[in-house]
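Architecture and fold: a report
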Amino acid sequence: MRQSTFSNKTIVRWRDDVENPINQPESYGPPLADAELRLDTLSAQVIANLHTLRHPETDWMPSLIGPDGKSLLDVLVVGAGQGGLGIAGSLMRERVTNILVIDKEPRGSEGIWNSHGRMPVIRSPKHYPGPDMGIPNLTYEAWHKAAYGDRSWEAIVLVPIDNWIKYLGWVRQTLNVPVQNNTELLKIQPVGNAMKVTLKGLAKIEVLYVRRIVLATGHDGTGEWWLPDYLASLPTNLCAKASDPINFNVLANKKIAVLGVGATAGDNAICALQAGAEVHMFCRRDTHRRQQVYRWCITSGFLRHFGDLDDATRWRFMHYILNTRMGMPPETWSRANGHPNFKLHTNSNWKSVRIAGDGVLIKTEQGPFEADFIIACAGHNQDVRKRP
Ligand SMILES: Cc1cc2nc3c(=O)[nH]c(=O)nc-3n(C[C@H](O)[C@H](O)[C@H](O)COP(=O)(O)OP(=O)(O)OC[C@H]3O[C@@H](n4cnc5c(N)ncnc54)[C@H](O)[C@@H]3O)c2cc1C
């Protein structure tokens with residue numbers, strides 16, 4: 001009997017090199033003995049900071065009655081990832097407190113970091129802001145120093161994802177963000193002065209009338225992970241998308257074909273290699289991209305003043321950026337490429353794929369290739385019509 005290639009346990013990340021780790025193990029190690037107390041103290045400081053900055057001091061949104069005769073919810077934030085938490089925190093700070101945040105996932109399982117972010121560290125530099133609302137005590141740095149000490153913060157190179165998840169949980173708790181988990185937004189309809197939203201909870205379908213909706217649904221919220229047509233009909237024991245909960249353990253001793261050479265392709269390749277698979281990565285061009293052009297989007301000039309440009313310039317800029325392939329981060333490439341069971345196939349566009357025996361036969365520009373399993377990392381299709 002075949003073992004399922006889909007795992008119930010959704011968080012599979014690649015393990016860092018023991019000999020050449022991104023973060024030296026001693027750079028963070030176990031939390032300080034009094035970490036809990038220090039984090040509680042930090043939470044209290046955040047509350048005190050917010051009190052000091054209390055303007056406006058009182059709630060000010062006038063209550064509106066909705067089509068069902070009840071008060072409208074002022075804002076529904078859909079998604080309790082870092083974006084949703086930051087938006088909710090900022091609304092509450094502006095004294096817009098009649099809000100609700102929902103997430104389809106259970107508490108602690110929200111966002112990319114709990115599903116298919118398969119790398120062990122966040123790739124952005126460690127000092128980048130998150131949902132901290134510009135309050136120093138609410139930053140990741142403050143959290144890390146409270147939990148692990150100042151020296152540990154100086155020593156880490158990139159933020160470990162497991163820590164980032166804990167930090168987001170601490171932000172949610174500290175700000176007391178009203179989150180309802182296990183609740184999925186199914187439908188939005190304009191009705192009179194409101195939006196009628198249909199939500200699916202664990203046991204029931206619920207209807208709410210709301211004034212404003214913020215979609216903080218993340219990467220997947222504006223489309224879908226793309227699967228070329230010739231792969232769409234393959235069964236799940238032969239093909240998975242990068243975002244699927246792949247059970248890497250059953251890929252040991254198998255020949256895996258990874259379609260794509262971006263960061264996600266690299267992450268999936270390393271997970272498969274570490275599970276004992278032989279991995280073949282396929283690239284359409286004569287080389288994979290090494291430059292990280294998206295990094296231009298994170299200069300303060302871009303972040304602060306992009307909105308000041310005229311529409312045509314903004315369109316041209318974003319069109320160029322979005323059509324540029326995202327390069328594989330160097331630490332990902334070196335770990336995949338350094339593995340003896342890894343091979344990159346360049347100039348190898350796929351023409352078609354068919355089932356052959358227990359595996360697949362891929363017709364590439366360089367000739368046929370047999371594999372046991374395909375991981376398609378062909379990017380994300382930004383198309384809101386793909387979302388219900
Ligand atoms: C593999 C990968 C690596 C990345 N690495 C980085 C990185 O290193 N640095 C960086 O800055 N960014 C990175 N990103 C981008 C990353 O997605 C964002 O920075 C971050 O996750 C955005 O947070 P978010 O809250 O907007 O979205 P998410 O973290 O994706 O959260 C969205 C939430 O919305 C919920 N949701 C979606 N639809 C519904 C619905 N209909 N009803 C209810 N809830 C819903 C989801 O369950 C989820 O919890 C990466 C993305 C990917 C895919």
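Scroll up to find the structure.
Quick caveat, the model's predicted, so the values are computed rather than measured. Residue numbers run consecutively from 1 along every chain, following the written order of its sequence. Where totals are concerned, whole chains, interfaces and linings use all residues; where local detail is concerned, this predicted model gives features only for residues with pLDDT of at least 70, and gives and counts side-chain atom pairs only at 80 or more. Water and hydrogen atoms were dropped before computing side-chain values, which therefore reflect all heavy atoms in the structure.

An α-helical turn contains 3.6 residues, so any two residues separated by three or four positions project in the same direction. Counting buried positions along helix α3 (residues 140–148) yields seven of nine residues, so the element is predominantly enclosed. Contacts between residues were defined by any pair of non-hydrogen atoms, one from each residue, lying within 4.5 Å. Here a helix means four or more residues in a row that DSSP labels H or I, a strand means two or more in a row labelled E, and each is numbered from the N terminus. Buried residues belonging to α3 abut α1 (35–52), α4 (150–155) and α5 (161–175). Here the term buried applies to any residue with accessible area under 20% of the maximum for its type, exposed to any over 50%, and partly exposed to those in between, with areas from a 1.4 Å probe on protein chains only.

Each Phe, Tyr or Trp ring (for Trp, its six-membered ring) is paired with any other whose centre lies within 6.5 Å, and the angle between the two planes then decides the class: stacked below 30 degrees, edge-to-face above 60, tilted in between. With the rule as written, the count across this model stands at 14 aromatic pairs. Ring centres 6.0 Å apart and planes at 50° place the aromatic pair Y140 and W153 in the tilted group. In this pair, Y140 is assigned in helix α3 and W153 in helix α4, connecting sequence segments 13 residues apart. Ring geometry for Y140 versus Y167: centroids 5.5 Å apart, planes at 85°, classification edge-to-face. Taken as a pair, Y140 in helix α3 and Y167 in helix α5 lie far apart in primary sequence, 27 residues in all. Y167 matches Y140 in its accessibility class, with the two residues each being buried. Feature note: the residues Y140, W143, Y148, W153, W164, Y167 and W170 constitute an aromatic cluster, connected by ring pairs. In this scheme, Lys NZ or Arg CZ marks a charge over a ring once it lies within 6 Å of the ring centre and within 35 degrees of the ring normal. When the ring centre of W153 is taken as reference, the NZ or CZ atom of K126 above it lies at 4.6 Å.

We call a residue near a given molecule or strand whenever any one of its heavy atoms falls within 4 Å of it. Lining the immediate environment of the ligand, one finds 25 residues, of which G83, D103, G111, R123 and S124 sit closest. Here R123 contributes a backbone N or O atom positioned 2.7 Å from an oxygen atom of the ligand. Side-chain atoms alone can form a polar contact between residues adjacent in sequence; in general such a contact is a pair of N or O atoms within 3.5 Å, and within protein one must be able to donate a hydrogen while the other accepts it. At 2.6 Å from a nitrogen atom of the ligand is found a side-chain nitrogen or oxygen belonging to S124. Burial of the ligand by the surrounding chains reaches 82%, relative to a free accessible area of 980 Å². Listing elements by their share of the shell around the ligand, those giving two or more residues are α2 (82–93) and β4 (184–191). No other element matches the three residues that α2 contributes to the shell around the ligand. Polar here means any residue outside two lists: the nonpolar Ala, Val, Leu, Ile, Met, Phe, Trp, Tyr, Cys and Pro, and the charged Asp, Glu, Lys and Arg; Gly therefore counts as polar. Residues of the shell around the ligand, tallied by class, amount to eight nonpolar, ten polar and seven charged. Areas reported here follow the Shrake-Rupley algorithm with a probe of radius 1.4 Å; residue values treat only the protein chains shown as occluding.

This brings us to the pattern of salt bridges. Think of a salt bridge as a Lys or Arg side-chain nitrogen and an Asp or Glu carboxyl oxygen that are within 4 Å of each other. For the structure on display, the rule yields eleven salt bridges. Of the charged contacts, one joins R211 and D74 as a salt bridge, the two residues approaching to 2.6 Å between their closest N and O atoms. Of this pair, R211 sits in strand β6 (residues 205–215) while D74 sits in strand β1 (residues 73–78); the two residues are 137 residues apart in sequence, bridging distant segments of the chain. The two residues R211 and D74 agree in class, both being buried. Ionic pairing is found between K104 and E105, a salt bridge with its closest N-O pair at 3.3 Å. Residue K104 is classed as partly exposed on the basis of its relative accessible area, which comes to 46%. Through salt bridges with shared partners, a single network forms among D16, D17 and R335.

Glancing now at the packing of α3 against α5. All axes here are fitted lines through C-alpha atoms, helices being fitted over the stretch that makes contact, and every angle between N-to-C directions spans 0 to 180 degrees. In the contact formed by α3 and α5, the axes pass within 10 Å of each other and the chain directions differ by 105°. With respect to α5, the element α3 is oriented roughly perpendicular. Only N163, W164, K166, Y167 and W170 of α5 make contact with α3, whose side of the interface consists of Y140, W143, H144 and Y148. Here the contact of α3 with α5 is composed, by residue class, of six nonpolar, two polar and one charged. Every angle not falling under 35 degrees, over 145, or within 65 to 115 is termed oblique; those three ranges are roughly parallel, roughly antiparallel and roughly perpendicular.

Moving on, we come to the sheet that holds strand β13 (residues 359–364). Here, strands pair whenever DSSP counts at least two bridges between them. An order of β12-β13-β14 is seen for the three strands of this open sheet, with the pairing classed as antiparallel. Edge strands, defined here as strands with exactly one partner in the open sheet, are β12 (350–356) and β14 (367–371). Across the sheet, the axes of successive neighbouring strands diverge by a mean angle of 20°, strand direction being ignored. Here β12 runs beside β13; their pairing, made up of six bridges, is antiparallel. Its bridge partner lying in β13, I355 is registered against V360.

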